[in-house]
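Chains, contacts and geometry: an overview
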Amino acid sequence: MSEGGETRVHPKAHVHEGAVLGAGVEIGPWCVVGPEVRLGDRVHLTSNVVVEGGRIGTLDALRAEWDGVTLRSVRIDYLSLPSAALGDVRIVGCEIGTLDVPEARLTRVRFDDARADEVDTRGLRSTDVDLTGLEALSFTDPRGLAGAWLSPRQSELHAASFAHALGIRIAP
């Protein structure tokens, strides 16, 4: 596991036996280090949560507070986050049926190589939210995307629904 030097792993952390840890590595509570992870010398991982792989039917997090959470390579049929507060969250390589975030507060949230069939954005409040890595088929209320980053392609794909939400008429 360790390649020399003192390594400290919090008892509430999980380090897979196949992981390679450099000298002086510190791993805090609720961290997950997977089987093919290699950490260099003096890497410090503070408190964090990682959900990696598998399938979840419904993840119901009504009024939840997520800080430093990563969802990676998970299939979630229904991710329900109404009125939740999310900060420093990454969603990577996930497939989501419905992403439900009405009245939620998102700060420093990033999607990478993720997909969602529909995203309910009614009343969403966003600060530094990067949706460029999210392939979404539809957004319930595009006005909830204020403060979020979109790619030019996403803007193009959803232009008609954005225009409709803003009361803009498009000539035939």
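This is a predicted model, so every value here is computed, not measured.

Each value, and the rule that gives it
Residues numbered from 1 in each chain as written. Predicted model: local features only at pLDDT ≥ 70, side-chain atom pairs only at ≥ 80, totals over all residues. Heavy atoms only, no water. Helix = DSSP H or I, 4+ residues; strand = E, 2+ residues; numbered from the N terminus. Buried < 20%, exposed > 50% of the residue type's maximum accessible area, 1.4 Å probe, protein only. Contact = heavy atoms within 4.5 Å. Areas by Shrake-Rupley, 256 points an atom, 1.4 Å probe, with all protein chains shown as cover. 1 Å grid on protein atoms, 1.4 Å probe; cavity = no way out; pocket = protein on both sides within 12 Å on 5 of 7 lines; lining within 4 Å. Points joined across faces, edges and corners; volume = space filled by probe spheres on them. Nonpolar A, V, L, I, M, F, W, Y, C, P; charged D, E, K, R; others polar. Pairing = 2+ DSSP bridges. Axes fitted to C-alpha atoms, helices over the stretch in contact; angles between N-to-C directions. Patch = residues over 30% accessible without salt bridge, like charges linked within 9 Å, V, L, I, M, F, W, Y side chains within 5 Å. Salt bridge = Lys/Arg side-chain N within 4 Å of Asp/Glu carboxyl O.

**Quick word on the overall build of the chain**
Of regular secondary structure, the chain possesses two helices and 19 strands. Seen through its C-alpha atoms, the chain measures out along the principal axes to roughly 70 × 30 × 25 Å. Looking at the chain as a whole, 41% of its 172 residues are labelled buried. For the chain, long-range pairs separated by at least 24 residues make up 1% of all intrachain contacts whose partners lie at least 6 apart in sequence. Total accessible area on the chain stands at roughly 9,800 Å², and carbon and sulfur atoms take up 50% of it.

**Some points on the layout of surface pockets**
As a volume, the second largest pocket reaches approximately 160 Å³. What lines the second largest pocket is Thr132, Gly133, Leu134, Glu135, Ala136, Leu137, Ser151, Arg153, Gln154, Leu157 and His158. Contributions of two or more residues to the lining of the second largest pocket are made by strand E18 (134-139) and helix H1 (152-157). Here the lining of the second largest pocket gets four residues from one element, more than from any other, and that element is E18. Residue composition of the lining of the second largest pocket, grouped by class: four nonpolar, five polar and two charged.

**Focus: the sheet that holds strand E9 (residues 55-60)**
Reading across from one edge, E9-E12-E14-E16-E18 is the order of the five strands in this open sheet, with parallel pairing throughout. Looking along the sheet, the strands with just one partner apiece sit at the ends: E9 and E18. Each neighbouring strand pair of the sheet contributes to a mean axis angle of 15°, computed without reference to strand direction. Alignment of strand E12 (residues 75-80) against strand E14 (residues 95-100), held across five bridges, turns out to be parallel. Considered in E14, the bridge of Ile76 is made with Ile96.

**Digging into the environment of Gly24**
Considering the arrangement of structural elements, one finds Gly24 in the loop between strand E3 (20-21) and strand E4 (26-27). Along the chain, Gly24 and Leu134 lie 110 residues apart, while their C-alpha atoms are 36 Å from each other.

**Here's the deal with the side chain of His158**
Assignment of secondary structure puts His158 in the loop between H1 and helix H2 (159-165). Those residues within four positions of His158 in sequence are excluded, and the remaining contacts are Ala136, Leu137, Ser138 and Phe139.

**Examining a nonpolar patch on the surface**
Among the surface-exposed residues, Leu166, Ile168 and Ile170 lie close enough to one another that they form a single nonpolar patch of about 330 Å² accessible area. Topologically, Ile168 is positioned in the segment after H2.

**A look at empty space enclosed by the protein**
A full pass over the atoms with the stated rule returns one cavity of 30 Å³ or more. There is about 80 Å³ of room inside the largest cavity. Along its surface, the largest cavity is lined by 14 residues, and Val101, Leu106, Val119, Leu124 and Leu131 are the ones closest to its centre. Among the secondary structure elements, those contributing two or more residues to the lining of the largest cavity are strand E15 (105-112), strand E17 (125-130) and E18. In terms of residue class, the lining of the largest cavity is made up of twelve nonpolar, two polar and no charged.

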